[in-house]
Amino acid sequence: MTEYGRGPGSEPWHPEDPLYGDQGWGGQQSAHGQNQYGGQQQSYPQDPYAQPQQPQQPQDPYAQQQQSQDPYAQQHYGEQPAYGAPQDPYAQQQPQPQQPQYDNGGWDTGQQPAAAPYDAQQADPYGGRQAGYGETHDYYSTPEAYPPPQPPGRREAVAEQAPTQSPDWDPEVQPEETHPFFTGADDRDDNDGEYDDDPRESRRGGRGGNERRGKGKKKSRSGCACLVVSVVLVGGLGGLGYVGYSYWQDKFGAAPDYTGTGTGEVEVEIEKGAFGSDIGNILKQKGVVKSVDAFVAAQNENPKGKSIQAGVYLLHEKMSAAEALKMMIDPKSQNLLVIPEGYRNVAVYDLVDKKLGLKKGTTKGVATSKASGLGLPDWASKNKDIKDPLEGFLYPAAYPVTKETKPETILKKMVSRANEEYDKLDLEGTAKKYKLDGPWQVLTVASLVQAEGLTHDDFRKMAEVAYNRLKPNNTVTMRKLQFDSSFNYLKKQSKIKIGSSEILSNPDPYNTYYHAGLPPGPISNPGDEALRATLNPTGDGWMFFISLDGKKTEFTKTAAEHEKLNKKFRKLHGLD
């Protein structure tokens, strides 16, 4: 006869058998050596495994608790009872108080409670009984053994019991992490919800390892984790896709752009030195183009795209970049105040009034009252005979203006531009070279040259005539310039036909026929060409010049040659 679970004999029912754990007949399980079909316990002396109990036999080290419960049954899962607990299928009897009784030198193993002969307070943790003298130990009550087989007809399902209260801590076993988030599974039964608030330790089985009663319907919590992971992955893929699309669009895609020529009217001011991207930003801020890249691309495609000048342009809203560029290249689209070379200040003031829509004389009044605050250089003369201190400083150029531009603002821009251009020239060095009284007189010569000449060659020859006549040793004209332009300036006119009696008798300081030397100040606003000609005159000895028809100027070196030309002029214009 072999012992179940230990020899080559028949295998017991496996714990995964759905009827595993049958409580036997009458709801109580007999131990090895006890009659399984009722009656009192029987002793089998011939049992090779039955050893007599010695008086000094050591006590079970695990049977230390006063209650008949498994010392390892400190944790349980759901509704499954811990091994060794009162619900143990192998120990169905409720624990009874044990009283020490001696009966013929052995322990009573019947239905009456029996007590341990040496320690009346210790109870068997595996079923509530202790083996008597001469009895065999129950090898099926150990945690490692399978339970004894039961007849199929006597099997009953184990009644579900409430979980037993377990100690708060386990001195022997360290808790293992079994949360579904880390294990990937959820083995709890459908009814474990009522124990969700219990401590984690109370849901674990004892050390004896109580087997589960089948597999109930599982509630999967891993689905939430999967959902979170899916959302993260989808979001990550979406982000990567957006970044990739943006990168492709930036590198290879067409820049956003409007279509057509646009509507309305917008004033756009472009500062000097602005690059294509700067212009594109200004246009985008004004609502002219849709994107900077579109304008830069259009500028690169147009051969004249880099020729945009500083100024104010009249454009439309929501234009295509190509159309905006086309208008900016066309000078007609610029809202500019253009000051021609050689214009006197009185003419400049009229232009400003007209451009800004102001009453005539408004700009002149501002110039007269605020001349000292418009930025004139330190070397500007303060001679009381000067008719207009701003004369010669309203530099000829194109100035951007808007509807909100004030006269004072535009005048300051003109004076600032004049200072900028004059600083590029060696006016001081030229004054020393030709014995003039500083840059102011050089500027005055340039204004005379600008007023009298027509071409660059004329400017250089006329500059030489002026310097030759101003020489102290000039005995031909006695240092008198005799320029008609200065007389016309004081008379606020532009005439070719001037009578000798009139021009020779007017004592105005600006009359160079009457006074020797230069007039008190400039008589016009000279341009760059006249200024550079004044700094670099010819050296051919020219002393006289005259224009017979007002289109061509003829130069002579002697008074006799000049007198011949002068007679022709008088006869041509009927001045004799």
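In this text, all values refer to a predicted model and were calculated from it rather than measured experimentally.

1. Looking at the confidence of the model for the chain
Detailed reading of the predicted coordinates is not advisable wherever pLDDT falls low.
Stage number 1. In the predicted model, the chain carries a mean pLDDT of 75, and the fraction of residues at 70 or more is 60%.
Stage number 2. For the chain, per-element mean pLDDT is lowest for helix α1 (residues 180-183), which scores 57, and highest for helix α10 (residues 438-452), which scores 97.
Stage number 3. Below a pLDDT of 50 lies the segment residues 22-134, which in the model reaches 224 contacts outside its immediate sequence neighbourhood of four places, other chains included.
Stage number 4. Predicted confidence is poor over residues 187-219, with pLDDT under 50, and the contacts of this stretch with residues over four places away or in other chains come to 80 contacts.

2. Things to note about the layout of surface pockets
Stage number 1. Put simply, the largest pocket is a space of about 1,200 Å³.
Stage number 2. Of all the secondary structure elements, the ones that give two or more residues to the lining of the largest pocket are α10, α11 (456-469), α12 (484-491), α13 (500-505), β5 (544-547) and α15 (559-573).
Stage number 3. Among the elements that line the lining of the largest pocket, the one with the most residues is α15, at six residues.
Stage number 4. Here the lining of the largest pocket is built from residues that sort into 18 nonpolar, 15 polar and eight charged.

3. Section: the packing of aromatic side chains
Stage number 1. In total, this model carries 10 aromatic pairs according to the counting rule given.
Stage number 2. By the ring-pair criterion, three or more aromatic residues cluster together here, those being W379, F393, Y395, Y422 and W440.
Stage number 3. The side chain of K557 reaches across the aromatic face of W542, ending 5.0 Å from its centre.

4. Observations regarding the pairing of β5
Stage number 1. Pairing analysis gives four bridges linking β5 to strand β6 (residues 553-556), with the strands arranged antiparallel. In the strand pairing of β6, S547 is matched with T553.
Stage number 2. Here β5 folds back onto β6, and the loop between the two strands holds five residues, one of which, G550, carries a positive phi near 80°.

5. Thoughts on the pattern of salt bridges
Stage number 1. Considering all chains together, one arrives at nine salt bridges under this definition.
Stage number 2. Across the salt bridge formed by E269 and K413, the nearest N and O atoms sit 3.7 Å from each other. Linking E269 in strand β1 (residues 263-270) with K413 in helix α8 (residues 407-422), this pair joins segments that are 144 residues apart in sequence.
Stage number 3. Across the salt bridge formed by K272 and E420, the nearest N and O atoms sit 3.4 Å from each other. Highlighted residues: K272 in the loop between β1 and α3 (276-285) and E420 in helix α8, separated in sequence by 148 residues.
Stage number 4. The exposure class assigned to E420 is partly exposed, which follows from its relative accessible area of 35%.
Stage number 5. What you see here is one network of salt bridges that share partners, running through K370, E408 and K412.

6. Quick word on the environment of S486
Stage number 1. When you line up the elements, S486 lands in helix α12.
Stage number 2. Taking the C-alpha atoms as reference points, S486 and A451, 35 residues apart in sequence, are found 8.7 Å from one another.
Stage number 3. Ignoring sequence-local partners within four residues, the contact set of S486 consists of L448, Y510, N511, T512 and I523.

7. Some thoughts on α3
Stage number 1. Residues of α3 that are buried: G276, I279, G280 and L283. Within α3, the buried residues cover an arc of 100° as seen down the axis, which keeps them to one side.

8. A short note on unusual backbone geometry
Stage number 1. In this model, M478 sits at a positive phi of 60°, which is unusual for a non-glycine residue.
Stage number 2. Locating M478 in the fold gives a position in the loop between α11 and α12.
Stage number 3. On the basis of relative accessible area, M478 is assigned to the exposed category, the value being 55%.
Stage number 4. A positive phi angle, close to 55°, is found at K492, a residue other than glycine.

About the thresholds
- Residues numbered from 1 in each chain as written.
- Predicted model: local features only at pLDDT ≥ 70, side-chain atom pairs only at ≥ 80, totals over all residues.
- Heavy atoms only, no water.
- pLDDT = per-residue confidence, 0-100.
- Helix = DSSP H or I, 4+ residues; strand = E, 2+ residues; numbered from the N terminus.
- Contact = heavy atoms within 4.5 Å.
- 1 Å grid on protein atoms, 1.4 Å probe; cavity = no way out; pocket = protein on both sides within 12 Å on 5 of 7 lines; lining within 4 Å.
- Points joined across faces, edges and corners; volume = space filled by probe spheres on them.
- Nonpolar A, V, L, I, M, F, W, Y, C, P; charged D, E, K, R; others polar.
- Phe/Tyr/Trp six-rings, centres within 6.5 Å; stacked < 30°, edge-to-face > 60°.
- Lys NZ or Arg CZ within 6 Å of the ring centre and 35° of its normal.
- Pairing = 2+ DSSP bridges.
- Salt bridge = Lys/Arg side-chain N within 4 Å of Asp/Glu carboxyl O.
- Buried < 20%, exposed > 50% of the residue type's maximum accessible area, 1.4 Å probe, protein only.
- Arc of directions from axis to C-beta.

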